Amino acid sequence: MMIFLVNLAQILLMILAAPMAVGIVKKMKARLQNRQGAGISQPYRDLSKLFGKELLLAENASWIFRAAPYIVFTSTVLAASVVPVIVVDSPFSWTADVIALAGFLAIGTFFTALAGMDVGTAFGGMGASREMTFAALAEPALLMSIFVLSVSAQSTNLSVMIHHILEAGLLLKPSIAFALIAMLMVSIVENGRIPVDNPGTHLEVTMIHEAMLLEYSGRHLALIEWATQIKLVLFATLIFDLFFPWGISGTVAVSALLIALGLWVFKLIVFFVLLVIMETGLAKMRLFEVPQFLSTAFFLALLGMFMHYILEVGAQ
Amino acid sequence: MSSELLQQIITMGAALMLLISFALLSQKRMLSLLHWFALQGIVLAAVTALVGYTSDNTELYISATITLMLKGVLLPWVLWKIIRQMHVHREVEPLVNIPMTMLIAAALVVFSYQVTLPIEHLSHLITRNTIAVAMANVLLGMLMMITRKKAITQVIGFLAIENSLFFAGVGATYGMPLVAELGVAFDVLIASVVFGLFFYHIRDTFESLDLNKMEK
Amino acid sequence: MALNLALGALAISLFAAATAVLLVGKDNVARFTVFGLLAVSAGLSIASGMVGLLTHASVALSLPVGLPWLPMHTRLDALGAFFLLTIGALLIAVSIYSIGYVREYTGRKGFASLGVFMGLFVAGMQGIVLADDAFTFMLFWELMSVSSYFFVTFEHEHEENRKAGYVYLIMAHVSGLLILGGFATLYASAGSFEFSSMRDATLSPFWSSVAFLLAAFGFGMKAGVVPMHVWLPEAHPVAPSNASALMSGIMIKVAIFGFIRVVWDLIGVDGFQWWWGTLILLAGSSSAVTGVLLALQQHDLKRLLAYHSVENIGIILIGLGLGMIFAYYGHPLLAALGLIAGLYHTINHALFKGLLFMGAGAVLHATGTRNMEEMGGLIHRMPMTAVVFLVACVSISALPPFNGFVSEWLTFQAALLAPQLEGSLIPMLIPFSAAMLALAGALAATCFVKVYGIVFLGQPRSPSAADAHEIDGWMKFGMAIPAVLCLLLGILPTLFIPLIDAVPQLLIHASLSSSVHAHGWLWLTPVSEARASYSAPIALFGMLVLGGLIYWLLHPRGQVVRRVHFWSCGNPHVNTRMQYTATSFAQPLRRIFSGIYQPVEHIEIDRSDHKLLTRSIHYEVHAQDMSWRFIYRPLLALSERVSVWVAKQHQRGVHAYLAYMFVTILVLLAFLL
């Protein structure tokens, strides 16, 4: 019973902390660029303002356009509910494995793209086309890096994989390192961060994700923005779970949970610092360099696979 | 020093060597190609030194130093000089497009693993599993020589093969005798000087370093 | 009982064909009678399939018809029962749909021939799955192939249809010939055409490989495996939509059935060689990726769907290939997982592809065109079609909680078990093919965003799309059936897998039933709970509750949502021609995979007034199907050269003819030596 409550709590934690996390990223980025920047609670204020605003719908918007924000938000939350944040073996993590998790996220992408095409403006179609193209090319790389991890863990269930890594201890495994890099590259694409897409602007020729949302307003926009924020934290947490799960609690004892929470926040901050440095330091790449970026990720993961068989299995 | 650690160092080194071989194949610009090539030399030197440290073999320090100086610094610098002076086009011109090359390369890795399996079963050294990687690296170096247009990329491919052989030596037998290594190092140096001279002659004669033009 | 039901279904299908002949000219009566009878036949198929799968029984019966020395042998086992179920599930929907659909032809053209051949076609498919000897099998196989030829040429007024029909007929015959060769090889060692003696016969590894290759190529050609798929995108679009739903939905599945029957059943799992599964796996992966890549570049809606059939056959083959590899290496349980993944995708694809073709038929019916560039905004004019079509799109894009996801997920799970194999080459290949499956699945999602976005969303791109009308009740009802089944198969795999589990029990004596819902019916756990679990009911329930809750919380009651002109970054002068088109949607992929498509572009810019004033721009782009260029055209050229050479030999003088005779005599004499 207790574990159910903790599970619910960690889902809520992820949902509620997501805007704050994005606020921190923005603040850090601003400071790094010698700007003052908005406070870290700014995303909450943005969301609450959007929720309160009147909703405007385009004349020819269909029910897909109206349903999409709800579908995007719920599918993202569903995906988030599977990921262990502070406690491993959470009951919801049996609902779906990593592959199904990728499937849940794909629902969101699919419906965002459909909504982008609904009104019939050129921007929406362009965003949908690009988003779907890159999402499709990211898929093999994502799956290959998950494969590398799951062949040694013999599972795709997140809790089981975490246990496997915790038991194996800190090992310098090249296959895991390659999979990590591939996974990081994929999450940059999936979350539309620099150097692939720029989350900070609506009007740029190479825009991808934001172009699909141009017609949204009010609570619809709020839901989609929030879902995007959750997705960023979700991917970060997923990477921690798969590569650096140390500190996650195996029991529901309060002290262990608090330590796990503290470590999670710490890991997030480290992750965001790296993200901010990268986003500030790198220029956005040309649109058609993204496929090369993704194919590099795929080949890295593939190399990781080879490494696993050649260097790690062969050595035993 | 524990053999466990040695194992991990060599494994990691092998992984990096293979990664760099792939990176060499995927580069589009000459300068970044040279950077990766230099990195390969540095990784090689580091692995040599670490193996020397863990196996208490002082001779390996000397070869590590030579490797670092020669392959990590000198040769890349010389090649860069040549490119600058001879106004070679700064793009790598592939004959086979890069994604295709990468796929072939991946297939070659699988192939060399299959080929070296029997050798691995014979060997008792803990580093035997790096033989496959070294073999793959040699094949990838050859692939680079085959699929790139310019003479300079061929030299880099050749030197990458030499690096992989050196790595195989370090990984499989904890290094060759110092005399042999010095000899090889010297050979490579001489070879690069000869290459350099050749480039000047080729350019003087054909006004290009593109191999296709020489055939005409 | 089950076999009698199945034979009854077969008889009713034949009777339906006869009725169509009798009722020529009375189109309205015929419409209800013929398709009503087919629906009954479908119902009987489903019933017999269910009974067959539930009872696990193999019942055989030889009918007193056929050749004097070879009566027709029929048999209903789990494999046949599963495919009967698949046939019935789609056929019942298509029959009901057809009642509405063929009304278009009444008066204009009549549909007597369509009714006749549809009856024969269905009877052919039902006969194939029931056949228990090679003769009966081939008889019904040809019945299926030939009657479907008349679907392709149904609208024979158009030249492209006749051409497609010709290509189709050639491919069907070559594939029939190869299959016949496969049976001949088996006959040589069994000494009988009966399947029961073929099963018992043991073949030498060489001859079993020959039989395997002949069967793989023969059935592969009919199933549309790359590069033997070229007939498919020609034939399926031009057939009437209800017929193309059947062809794409179940006819190519019958080829999969034939493959399983010959390779898994007749040759038998014990006769597998290590490279068979690998070959099937590679064929599957390349079909999956090539099919979807080519589909993305089509703007003819039905042609696009036809290419997707190539993709999905590839996915089925990945499952089967994995099963074959595991079976060879002696892991029957894992082989059962691969086989079940393949079979699950078979029925899934039958349902959603049938639905998509019916939807395409509805759109064609409403707008009069198959060209996606002339559609748009149909969701407002065809709301019901839009809903069921969306269900099919989501299913084929492998998104949870629909059925396509379940079968692809099972395939991934099977692929993830690769490390349990000995050796290292195959465990290294399998992840690569799983990655190709992931790519294919994700590209399919891209493609169906394009299809749905261009056809149903946005604004009408032509007057015919603007004046489109919703379809009639029969068609709606016909399309609703597979839509509901797609959802049910998506959320209740734990109930359905034990049902198909009879097939691996029959073929490899392994069962997944115990592990599949070891953790309760809510969770699907293919191997063990610790490996992976997926619960579609919980996911769906979670989404509904959460979505409902948010809607209830956020929706301000009593307030009308204000509708305004769209924003479009502040540009008010946007007309329907400025929308993204199907061609532009696929442009990034066309560029990224230009090596595969080798697109041919043609641009004409009219600047007749002034060199700075552009009057009009004409842009044309064609993505090519490389198999034509690299396989079929050279093959054609070669055969032409050979025939020219042969023709020349015929026109030589008397001496040449004497020489031919002389050589013939010498050769014949040589046999005496």
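Within every chain, residues take consecutive numbers counted from 1 along the sequence as written. A letter from A marks each chain and a number from 1 marks each ligand, given out in the order of writing. Reporting in this predicted model follows two pLDDT cut-offs: at least 70 for local features of residues, and 80 or more for side-chain atom pairs to be given and counted; totals over whole chains, interfaces and linings ignore these cut-offs and use all residues.

J.: Quick question: what am I supposed to make of the overall build of chain B here?
T.: Secondary structure elements are defined from DSSP: runs of H or I of at least 4 residues count as helices, runs of E of at least 2 residues count as strands, and each element is numbered from the N terminus. Secondary structure summary: chain B contains eight helices and zero strands in total. For chain B, the N- to C-terminal ordering of α and β elements is α-α-α-α-α-α-α-α. Here exposure depends only on C-beta density: within 10 Å of a residue's C-beta, 20 or more other C-beta atoms make it buried, 12 or fewer make it exposed, and intermediate numbers make it partly exposed, the C-beta atoms being placed from the backbone. For chain B, buried positions account for 43% of its 216 residues. Contact definition: two residues whose C-beta atoms, as placed from backbone geometry, lie within 7 Å. Contacts in chain B between residues at least 24 apart in sequence constitute 73% of all its contacts with a sequence separation of at least 6.

J.: How should I be thinking about the overall build of chain A in this particular structure?
T.: If you tally the helices and strands in chain A, you get 10 helices and one strand. Listing the helices and strands of chain A from first to last along the sequence gives α-α-β-α-α-α-α-α-α-α-α. For this measure, only C-alpha atoms enter the radius of gyration; the expected value for a globule follows 2.2 Å times N^0.38, where N is the number of residues. Scaling as 2.2 N^0.38, a compact globule of 316 residues should have a C-alpha radius of gyration of about 20 Å, and chain A matches this with 20 Å. Expressed as lengths along the three principal axes of its C-alpha atoms, the size of chain A is roughly 65 × 45 × 45 Å.

J.: Can you walk me through the confidence of the model for chain B in this structure?
T.: Any region with low pLDDT has predicted coordinates that should not be read closely. All names here are of chain B. Note: pLDDT gives the predictor's confidence per residue, expressed from 0 to 100. In the predicted model, chain B carries a mean pLDDT of 79, and the fraction of residues at 70 or more is 79%. Mean pLDDT in chain B bottoms out at helix α8 (residues 211–215), which sits at 62, and peaks at helix α2 (residues 30–54), which reaches 88. Taken over the whole predicted complex, pTM reads 0.92, whereas the ipTM for its chain interfaces reads 0.95.

J.: Looking at this structure, I do not really get the interface of chain B and chain A. What am I missing?
T.: Many structure descriptions define interface size as the accessible area lost when the parts assemble. Taken residue by residue, the interface counts 19 residues in chain B and 13 residues in chain A. Breaking the side of chain B that touches chain A down by element, the ones donating at least two residues are α1 (3–26), α4 (98–122) and α5 (130–147) of chain B. Among the elements that line the side of chain B that touches chain A, the one with the most residues is α1 of chain B, at 10 residues. Three classes are used: nonpolar for Ala, Val, Leu, Ile, Met, Phe, Trp, Tyr, Cys and Pro, charged for Asp, Glu, Lys and Arg, and polar for all others, with Gly counted as polar. A breakdown of the residues in the side of chain B that touches chain A according to their chemical character gives 13 nonpolar, five polar and one charged.

J.: Help me out: how do you make sense of the interface of chain C and chain A in this one?
T.: Taken together, the contacts link 65 residues of chain C with 66 residues of chain A. Only α14 (378–381), α16 (403–416), α17 (425–455), α23 (536–554), β3 (562–564) and α25 (587–592) of chain C provide two or more residues apiece to the side of chain C that touches chain A. Of the residues assigned to the side of chain C that touches chain A, the class counts are 44 nonpolar, 17 polar and four charged. Looking at chain direction, strand β1 (residues 56–58) of chain A and β3 of chain C are connected through three bridges and run parallel. The partner of A58 of chain A across the bridge, within β3 of chain C, is V564 of chain C. Should DSSP find at least two bridges between two strands, the strands are taken to pair.

J.: Would you take a moment to explain the packing of helix α2 (residues 27–55) of chain C against helix α4 (residues 112–130) of chain C for this structure?
T.: Packed helices, taken two at a time, are described by the angle between their axes plus the distance between the axes. Residues and elements named next belong to chain C. Put simply, α2 and α4 touch, their axes get as near as 10 Å, and they point 10° apart. When the interaxial angle is binned, α2 and α4 end up roughly parallel. Only A112, G115, M118, G119, V122 and Q126 of α4 make contact with α2, whose side of the interface consists of A30, V34, L38, S41 and S45. For the contact of α2 with α4, the residue count by class is six nonpolar, five polar and no charged. To define axes, lines are fitted to C-alpha atoms, for helices over the stretch in contact only, and angles between the resulting N-to-C directions are given on a 0 to 180 degree scale. Note on terminology: angles under 35 degrees are roughly parallel, angles over 145 are roughly antiparallel, angles of 65 to 115 are roughly perpendicular, and the others are oblique.

J.: What should I look at first to understand the environment of H236 of chain C in this one?
T.: Residue and element names in this part refer to chain C. Turning to its location among the elements, H236 is positioned in helix α9 (residues 231–238). For the pair H236 and K302, spaced 66 residues apart in sequence, the C-alpha to C-alpha distance is 7.1 Å. Filtering out sequence-adjacent residues up to four positions away, H236 remains in contact with S244, M247, S248, K302 and A306.

J.: For this particular structure, what's the right way to read helix α7 (residues 174–190) of chain A?
T.: Helical geometry note: an α-helix holds 3.6 residues per turn, so side chains three or four residues apart project in the same direction. Residue and element names in this part refer to chain A. Along its 17 residues, α7 runs 24 Å from first to last C-alpha, staying within 8% of the 24 Å computed at 1.5 Å per residue. With 14 of 17 residues buried, α7 lies mostly within the body of the structure. The positive-phi residue at the C-terminal boundary of α7 is G192, with phi of around 60°. Expected span of a helix: the number of residues minus one, times 1.5 Å.

J.: Mind showing me how you'd approach the nonpolar core here?
T.: Buried together is how nonpolar side chains tend to be arranged in soluble globular proteins. Grouped together as the largest cluster of nonpolar side chains are 438 residues, with contacts concentrated most on L114, M144, A182 and A301 of chain A together with I340 and A392 of chain C. Once you skip the residues sitting within four places of it in the chain, M144 of chain A turns out to touch A182, F298, A301, L302 and M305 of chain A together with P431 and A435 of chain C. Note on definitions: a nonpolar core is a set of buried residues drawn from Ala, Val, Leu, Ile, Met, Phe, Trp, Tyr and Cys, linked by C-beta atoms within 7 Å.

J.: I tried to follow the environment of V47 of chain B on my own but got confused; where do I start?
T.: Residue and element names in this part refer to chain B. Structurally, V47 can be placed in helix α2. Here the alpha-carbon distance between V47 and T11, two residues 36 residues apart in the chain, equals 9.9 Å. Discounting chain neighbours no more than four positions away, the residues touching V47 are I9, I10, G13 and V170.

J.: What is the right way to look at unusual backbone geometry in this model?
T.: The omega torsion of the bond from I194 of chain A to P195 of chain A falls at 10°, within 30 degrees of zero and hence cis. Mapped onto the fold, P195 of chain A is located in the loop between α7 and α8 (218–243). Between P400 of chain C and the following residue, P401 of chain C, the backbone shows a cis peptide bond with an omega angle of 0°. Looking at the secondary structure, you find P401 of chain C in the loop between α15 (383–396) and α16. One non-glycine residue, N34 of chain A, lies in positive phi territory at about 60°. Considering the arrangement of structural elements, one finds N34 of chain A in the loop between α1 (2–32) and α2 (42–52). Even without being glycine, A398 of chain C reaches a positive phi, approximately 60°. Position of A398 of chain C relative to the elements: it lies in the loop between α15 and α16. Judged by local crowding, A398 of chain C falls into the buried class, with 27 C-beta atoms found within 10 Å.

J.: Got a minute to help me understand the packing of α2 of chain C against helix α3 (residues 78–101) of chain C in this structure?
T.: Residue and element names in this part refer to chain C. Running from amino to carboxyl end, α2 crosses α3 at an angle of 155°, the nearest separation of the two axes being 7 Å. The orientation of α2 with respect to α3, classified from their angle, is roughly antiparallel. Considering how the two elements wind past one another, α2 and α3 form a crossing that is left-handed. A per-class count over the contact of α2 with α3 returns 19 nonpolar, nine polar and one charged. Less than a right angle of anticlockwise turn of the near helix away from the far helix marks a crossing as left-handed, whereas a clockwise turn marks it as right-handed.

J.: I would appreciate a short explanation of the environment of L67 of chain C in the present structure.
T.: Residue and element names in this part refer to chain C. Tracing the chain through its elements places L67 in strand β1 (residues 59–67). Owing to 12 C-beta atoms within 10 Å, L67 belongs among the exposed residues under this scheme. Along the chain, L67 and T136 lie 69 residues apart, while their C-alpha atoms are 9.9 Å from each other.

J.: Sorry, what's going on with the pairing of β1 of chain C here?
T.: A regular strand places its side chains on the two faces of the sheet in alternate fashion. Alignment of β1 of chain C against strand β2 (residues 70–76) of chain C, held across seven bridges, turns out to be antiparallel. Considered in β2 of chain C, the bridge of L63 of chain C is made with M72 of chain C.

J.: How should the pairing of strand β4 (residues 600–606) of chain C be read in this particular structure?
T.: Residues and elements named next belong to chain C. Across the seven residues of β4, zero count as buried, placing the element largely on the outside. The sheet contact formed by β4 and strand β5 (residues 616–622) spans seven bridges and is antiparallel. Note on β5: the bridge partner recorded for I605 is I617.

J.: What am I meant to see in helix α9 (residues 254–281) of chain A here?
T.: All names here are of chain A. Helix length check: α9, at 28 residues, gives a terminal C-alpha distance of 40 Å against a target of 40 Å (1.5 Å per residue), a fit within 8%. Among the residues of α9, those classed as buried are A260, W264, L268, F271, F272, L275, V276 and E279. Buried residues along α9 sit against α1 and α8.

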